[in-house]
Amino acid sequence: MSENITIHHYDLTREKRNNRNQHKSFVLWFTGLSGSGKSTIANKVEAALFEKNKQVYSLDGDNIRSGINKGLGFTKADRYENLRRIAEVAKLFVDAGNITVAAFVSPTYKDRDLVKNIIGEKDFIEVFVDTSLEECERRDVKGLYKKARAGEIKNFTGIEAPYDAPKNPDIHIKTEEKTVDQAVEEILNHINTLI
Ligand SMILES: Nc1ncnc2c1ncn2[C@@H]1O[C@H](COP(=O)(O)OS(=O)(=O)O)[C@@H](OP(=O)(O)O)[C@H]1O
Ligand SMILES: Nc1ncnc2c1ncn2[C@@H]1O[C@H](COP(=O)(O)OP(=O)(O)O)[C@@H](O)[C@H]1O
């Protein structure tokens, strides 16, 4: 099948889009436990970039899991497939000239290696939203930890399923030591030369 597919090259390239936008396109990939603060920080980063007239788009977990990835659950294999598709979508958004914000638990080294390889290392900025399990559980924003502890949710990250903390993230946000606004500022400073 794939040997019969021919790739077409379009005249309107990513470089032309980046030139018109006057900034680079890349992925800010947020990883962390449920309730760590990924969505809260990602949302504010997106808003701040939009205010600066940047071309920016967020891939939202709920939309993805109820749309393109409907039917996938939380086994290792389903998470891997979930993240593989998200990475492919993110790559398209980067090609379209967007600063692409993606906030997904993406729990294992294997998951994040896959994502980085699909997107390409030079376009991938890993943001580790580092919040202890104890604090996430204390926040329990959606009441999911309580359910997981009661055995009502299987394979919950941090409880029954692993989370491999990134060893060398591009940006490391410790939310128990920083406010949301400080985290946003740190991320904007990091990408300053790209935007
Ligand atoms: N078993 C289990 N483990 C972890 N999380 C669970 C689970 N079941 C449902 N949820 C909810 O789904 C959100 C995580 O989805 P992701 O697509 O980011 O997960 S993954 O990257 O494929 O691991 C996650 O959202 P966030 O809280 O925003 O991280 C949870 O609300
Ligand atoms: N410094 C902080 N950074 C991010 N979130 C924080 C911080 N302090 C408290 N919070 C709270 O923690 C919760 C994080 O929830 P959320 O952003 O939905 O996490 P996630 O997307 O990782 O599941 C929010 O209620 C947020 O207000």
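Cut-offs applied
- Residues numbered from 1 in each chain as written.
- Chains lettered and ligands numbered in written order.
- Predicted model: local features only at pLDDT ≥ 70, side-chain atom pairs only at ≥ 80, totals over all residues.
- Heavy atoms only, no water.
- Near = heavy atom within 4 Å.
- Polar contact = N/O pair within 3.5 Å; in protein donor to acceptor, adjacent residues only side chain to side chain.
- Areas by Shrake-Rupley, 256 points an atom, 1.4 Å probe, with all protein chains shown as cover.
- Helix = DSSP H or I, 4+ residues; strand = E, 2+ residues; numbered from the N terminus.
- Nonpolar A, V, L, I, M, F, W, Y, C, P; charged D, E, K, R; others polar.
- Phe/Tyr/Trp six-rings, centres within 6.5 Å; stacked < 30°, edge-to-face > 60°.
- Salt bridge = Lys/Arg side-chain N within 4 Å of Asp/Glu carboxyl O.
- Buried < 20%, exposed > 50% of the residue type's maximum accessible area, 1.4 Å probe, protein only.
- Core = buried A, V, L, I, M, F, W, Y, C linked by side-chain atoms within 4.5 Å.
- Contact = heavy atoms within 4.5 Å.

## Brief notes about the site of ligand 1
Taken together, 19 residues sit near ligand 1, with Ser34, Lys38, Arg79, Asn82 and Ser106 positioned nearest. The contact in question runs from an oxygen atom of ligand 1 to an N or O atom on the side chain of Arg65, over 2.9 Å. Val105 places a polar main-chain atom, nitrogen or oxygen, 2.9 Å from an oxygen atom of ligand 1. Taking 620 Å² as the accessible area of ligand 1 by itself, protein coverage stands at 87%. When residues of the shell around ligand 1 are assigned to their parent elements, the largest contribution, three residues, is made by helix H4 (residues 76–95). Each residue belonging to the shell around ligand 1 can be placed in one class, and the counts come to eight nonpolar, six polar and five charged.

## Things to note about the packing of aromatic side chains
With the rule as written, the count across this model stands at five aromatic pairs. Here Phe128 and Tyr163 contribute two aromatic rings whose centre-to-centre distance is 6.2 Å and whose plane-to-plane angle is 25°, an arrangement assigned as stacked. With Phe128 in strand E4 (residues 124–130) and Tyr163 in the loop between helix H7 (144–149) and strand E5 (171–174), this pair connects stretches of sequence that are 35 residues apart. Following the ring pairs from residue to residue traces out a cluster consisting of Trp29, Phe104 and Phe124.

## Some words on the pattern of salt bridges
Considering all chains together, one arrives at 11 salt bridges under this definition. Between Glu135 and Arg138 there is a salt bridge, with its nearest N and O atoms 2.8 Å apart. Separated by three residues within a single helix, Glu135 and Arg138 lie in helix H6 (residues 133–139), roughly one turn from each other. For Arg138, a relative accessible area of 59% gives the class exposed. Connected via shared salt-bridge partners are Arg14, Lys122 and Asp123.

## Points about the site of ligand 2
The immediate surroundings of ligand 2 are formed by 15 residues, with Gly35, Lys38, Ser39, Thr40 and Lys178 found nearest. Within the contact set of ligand 2, an oxygen atom lies 3.4 Å away from a backbone nitrogen or oxygen of Leu33. Between Gly35 and ligand 2, the recorded distance is 2.7 Å, taken from a backbone N or O atom to an oxygen atom. With the chains in place, 75% of the 570 Å² that ligand 2 exposes on its own is no longer accessible. Ranked by residue count, the leading element in the shell around ligand 2 is helix H2 (residues 38–51), at four residues. A per-class count over the shell around ligand 2 returns four nonpolar, eight polar and three charged.

## Notes on the nonpolar core
In this structure, Leu28, Phe30, Ile41, Val45, Val127 and Ile187 are the most contacted members of the largest nonpolar core, which totals 21 residues. Every element with two or more residues in this core is listed here: strand E1 (26–31), H2, strand E3 (99–103), E4, E5 and helix H8 (180–190). Those residues in contact with Leu28, other than ones at most four positions away along the chain, are Val45, Thr100, Val101, Ala102, Ile125, Val127, Ile187 and Ile191. Leu83, Ala87, Val89 and Ile118 belong to the second largest nonpolar core, which has 17 residues in total.

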